[in-house]
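# An overview of the molecular structure
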Amino acid sequence: VGKWHLGMNCESSNDFCHHPLSHGFDYFYGLTVTNFRDCKPGQGSVFLKGVQKSLVIPIQIAGITLVSLAVVQYIGLLKVPFQALGYCLLITAFSLAVLIFFFYHFRHLNCFLMRDHQIIQQPLSYENLTQRLTKEAMQFIGRNTGAPFLLVLSYLHVHTALYASENFRGKSKHGLYGDAVEEMDWSVGQVLDVLEKYKLSHNTLVYFTSDQGAHIEEISSSGEVHGGYNGIYKGGKSMNWEGGIRVPGLLRWPGVIQAGAYMDEPTSNMDIFPTIVKLAEAQLPSDRIIDGHDLMPLLQGKATRSKHEFLFHYCNAYLNAVRWHPGNSESVWKVFFFTPNFSPEDSNGCYDSHVCFCHGGFITRHDPPLLFDLSRDPEEKVPLTPETESRFYEILRVIHLAVDNHTRSLHAVPDQLSWDNLLWKPWLQPCCSSLFQSCFCDYDSEGSLPEVHSG
């Protein structure tokens, strides 16, 4: 239930190769893509801002090339077949027309709600959306009280575009972001109440977490912070500074996990899968390396150290940083092979491009790598040197060996972020009516929604 964000189709508009129902889930209600500012009228375009740096240069090159060919043809320096010039102009005009169509209709083409394989609302409406997601989650639990179940409730909160229903709008001291947090808090409470109602609390593990830190570059046109706050930690979303990867992990299982316990060990969202598999008394796949570990020994106090001696932090396909927590030490070492170039330089993020990128002129490479001890410097303010850390080169040697072992375990896979995968393909476009009708439909009847009592 909620945001899937792993796509939907491969070869046709209805093959559903990436759809949740093709990957082990029995029911789906939500978005197969993600939540953008572009999906909510009046919130601006994050997508256009993100790709404009990649589009400006090709468009300039195409324009200069066409003008240059026309000029040399006109003054007689070069014989350019008129037909070839016409074809170039036609291709350029067609490409621009497709781009303009895509951006103009972005909301209708990309922002839609599904139930199983059917689009039930296109474009997506944010009105009472959290109540609808909550209702679906509660009903799913109600349908499965007699058997083990797995519910993944992936909120659109607090990803932009921010929204809050009428009962929560304007209630928080922290603006729309705070309103959205309070509404999500209400929804979590509804789910926990349903578990209590069906007497399932004592045999249900609840895990509340986030996929990344706050998106610090998310500032509204009026200057309101829409991306959250990372406290003392540096950076944010799309970065491997601690502000981008330290996220809350709140777990609840009365009678199994001690209430109020605090665990300060490196864990990962990759640990969720093996933990669930172990609790279900199933077997992990043996045809691949599983990077996560069962969390239950840590959560129940049967183990005091995480099995993650090393954690490898990627920026897209590039190994960006490595964290090492030696078994015989309290230190948590972290190295960076490259870091993003903040813009403006004296800021804490990449405000000019909305997110930080991982390549070329967007980064600075470090040789030797930057080294931090997070146990003493969690804010990653002062990189260590051979003069300030006597084991500097030994620490780097151990981490490089771990990287070599890790790299040898990897297998090449298709690049999901290649231009071929990023470019819009009309034949893969899901549409509940037709392109001529702007892909419009609304079959999602709200019916009775959970009653809201906001504080």
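Whatever comes next refers back to the structure up there.
A few points on the structure. (Residues numbered from 1 in each chain as written. Predicted model: local features only at pLDDT ≥ 70, side-chain atom pairs only at ≥ 80, totals over all residues. Heavy atoms only, no water.)

### Structural notes on the state of the cysteines
Linking two cysteines covalently via their sulfur atoms produces the bond known as a disulfide. This is how it is decided: The disulfide criterion is simple: two cysteine sulfur atoms within 2.5 Å. Here a helix means four or more residues in a row that DSSP labels H or I, a strand means two or more in a row labelled E, and each is numbered from the N terminus.
All told, the structure shown has 6 disulfides when counted by the stated rule. Two residues share a disulfide in this structure: Cys 315 and Cys 358, whose sulfurs sit 1.9 Å from each other. The disulfide joining Cys 315 to Cys 358 has a torsion of about -65° about its S-S bond and is therefore left-handed. Of this pair, Cys 315 sits in strand β7 (residues 310-315) while Cys 358 sits in the loop between β9 (333-340) and β10 (363-373), placing them 43 residues apart in sequence. Sequence-ordered numbering of the disulfide-bonded cysteines in the protein gives the connectivity 1-2, 3-4, 5-8, 6-7, 9-11, 10-12.

### Examining the sheet that holds β9
What counts is decided by this rule: Strands are treated as partners if at least two bridges between them are detected by DSSP. Under this scheme, a helix contributes an axis fitted over its contacting stretch, all axes are lines through C-alpha atoms, and angles between N-to-C directions fall in the 0 to 180 degree range.
The strand order across the open sheet formed by 4 strands is β7-β8-β9-β10, and the pairing between neighbours is antiparallel. Only two strands of the sheet have a single neighbouring strand rather than two, namely β7 and β10. Recorded for the sheet is a direction-independent mean angle of 20° between the axes of neighbouring strands. The pairing of β9 with β10 spans 7 bridges and is antiparallel. Bridging from a neighbouring strand, Phe 336 pairs with Leu 370 of β10.

### Regarding the pattern of salt bridges
The line we're drawing: Note on definitions: salt bridges are taken to be side-chain nitrogens of Lys or Arg within 4 Å of carboxyl oxygens of Asp or Glu. Here the term buried applies to any residue with accessible area under 20% of the maximum for its type, exposed to any over 50%, and partly exposed to those in between, with areas from a 1.4 Å probe on protein chains only.
Throughout the structure, instances matching the rule amount to 16 salt bridges. The shortest N-O distance in the salt bridge between Lys 334 and Glu 242 comes to 2.7 Å. Placement of the pair is Lys 334 in strand β9 and Glu 242 in helix α6 (residues 242-245), with a sequence separation of 92 residues. Residue Glu 242 is classed as buried on the basis of its relative accessible area of 0%. Note that Arg 391 is salt-bridged to Glu 389, the shortest N-O span being 3.0 Å. Judged by its relative accessible area of 43%, Arg 391 is partly exposed. Assessed through its relative accessible area of 4%, Glu 389 is described here as buried. Overlapping salt bridges, with partners in common, bring together Glu 242, Arg 246, Arg 323, Lys 334 and Glu 380 in one network.

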